[in-house]
Amino acid sequence: GLGFNIVGGTDQQYIANDNSIYVSRIKKDGAAYLDGRLQEGDKIVAINGKDLKDLRHKDAVELFRNAGCEVSLKIQRRLQPQNGPVGHQGDGESGGLPLAALLVPGLALAAGAVWIWLRYRQRM
C-alpha cells in the first residue's frame, strides 16, 4: 500500500459540509512515512491527475488501491488544526515550540552559571 489511511468523501464527511478526502494516519515505515512529504491532516485534491472532488469514500479508496507503483498526489496542507481524530491534534499541545524546548536549554544554562559561580567562589 501507500502507507497512509484516508477519511472523508460525500458519504462520510470528515469536516461538516466538506466532501474532501483527508490523510487520517501515516503508517510508520510505510511508503508515505519514508518519503516524508505527506502529513496527517493533509487534504488530497487529486491522485495521478484524477480529481477527488465529490467522491464517495469507497470510490476514493478504490482510486488509491489502483494507483499503481508511481503515485502523484496533489495535496493542500492544513494550515490550522481542526477538531477531530486526525493525527495527534487536540492532545493539549499548541503550535510552536514545546515548553521543554525552552526550559531544558534555560535550565542547562542556569546550572552551568551556578557551577561556574561556585567554582569561582571557592577560589577566593
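Each remark here, short or long, concerns the structure printed above.
Residues numbered from 1 in each chain as written. Predicted model: local features only at pLDDT ≥ 70, side-chain atom pairs only at ≥ 80, totals over all residues. Heavy atoms only, no water.

K.L.:
Help me out: how do you make sense of the overall build of the protein in this one?
P.N.:
When its secondary structure is counted, the protein shows three helices and five strands. Reading the protein from its N end, one meets helices and strands in the order β-β-α-β-β-α-β-α. For the protein, long-range pairs separated by at least 24 residues make up 52% of all intrachain contacts whose partners lie at least 6 apart in sequence. Accessible area for the protein stands at about 9200 Å²; split by element, carbon and sulfur atoms hold 54% of it. (Helix = DSSP H or I, 4+ residues; strand = E, 2+ residues; numbered from the N terminus. Contact = heavy atoms within 4.5 Å. Areas by Shrake-Rupley, 256 points an atom, 1.4 Å probe, with all protein chains shown as cover.)

K.L.:
Is there a simple way to think about the packing of aromatic side chains in this case?
P.N.:
Aromatic rings considered in pairs are described by the distance between their centres and by the relative angle of their planes. Counted under the stated rule, the structure contains two aromatic pairs. Ring centres of phenylalanine 4 and phenylalanine 64 lie 5.6 Å apart, and the angle between their planes is 90 degrees; on these two criteria the pair is classed as edge-to-face. You can see phenylalanine 4 sitting in strand β1 (residues 4–8) and its partner phenylalanine 64 sitting in helix α2 (residues 57–65), a full 60 residues away along the chain. According to the relative accessible area criterion, phenylalanine 4 is buried, its value standing at 12%. Owing to a relative accessible area of 11%, phenylalanine 64 belongs among the buried residues under this scheme. Here tyrosine 14 and tyrosine 22 contribute two aromatic rings whose centre-to-centre distance is 5.8 Å and whose plane-to-plane angle is 50 degrees, an arrangement assigned as tilted. Overall, tyrosine 22 belongs to the buried group, its relative accessible area being 7%. (Phe/Tyr/Trp six-rings, centres within 6.5 Å; stacked < 30°, edge-to-face > 60°. Buried < 20%, exposed > 50% of the residue type's maximum accessible area, 1.4 Å probe, protein only.)

K.L.:
What exactly am I supposed to notice about the environment of lysine 28 here?
P.N.:
Examined against the element boundaries, lysine 28 turns out to sit in the loop between β2 (21–26) and α1 (31–35). A sequence separation of 25 residues divides lysine 28 from glycine 3, and the C-alpha atoms of the two residues are 7.7 Å apart.

K.L.:
I would appreciate a short explanation of the pattern of salt bridges in the present structure.
P.N.:
Side chains that differ in charge, positive against negative, can pair when their charged atoms come close. Applying the stated criterion across every chain, the model contains three salt bridges. Of the charged contacts, one joins aspartate 35 and arginine 37 as a salt bridge, the two residues approaching to 2.8 Å between their closest N and O atoms. Judged by relative accessible area, which is 42%, aspartate 35 ranks as partly exposed. Given a relative accessible area of 61%, arginine 37 falls into the exposed group. Arginine 77 serves as the salt-bridge partner of aspartate 42, at 2.4 Å between the closest nitrogen and oxygen. Of this pair, aspartate 42 sits in the loop between α1 and β3 (43–47) while arginine 77 sits in the loop between β5 (73–76) and α3 (99–123), placing them 35 residues apart in sequence. Residue aspartate 42 is classed as buried on the basis of its relative accessible area of 1%. Residue classification places arginine 77 among the partly exposed residues on the basis of a relative accessible area of 35%. (Salt bridge = Lys/Arg side-chain N within 4 Å of Asp/Glu carboxyl O.)

K.L.:
Explain the environment of valine 7 to me, please; I cannot follow it from the model alone.
P.N.:
Checked against the element boundaries, valine 7 lands in strand β1. With 18 residues separating them in the primary sequence, valine 7 and arginine 25 have C-alpha atoms 9.2 Å apart. Setting aside chain neighbours within four positions, we find valine 7 in contact with Tyr14, Ser20, Ile21, Tyr22, Ser24 and His57.

K.L.:
Before we go on, may I ask you to explain α2 in this structure?
P.N.:
Since the α-helix advances by 3.6 residues per turn, residues separated by three or four positions end up pointing in the same direction. Of all the residues in α2, the buried ones are His57, Ala60, Val61 and Phe64. Looking straight down α2, one finds its buried side chains confined to an arc of 100 degrees; they lie on one side. Tucked into the core, α2 has its buried residues touching β1, β2, β3 and β5. (Arc of directions from axis to C-beta.)

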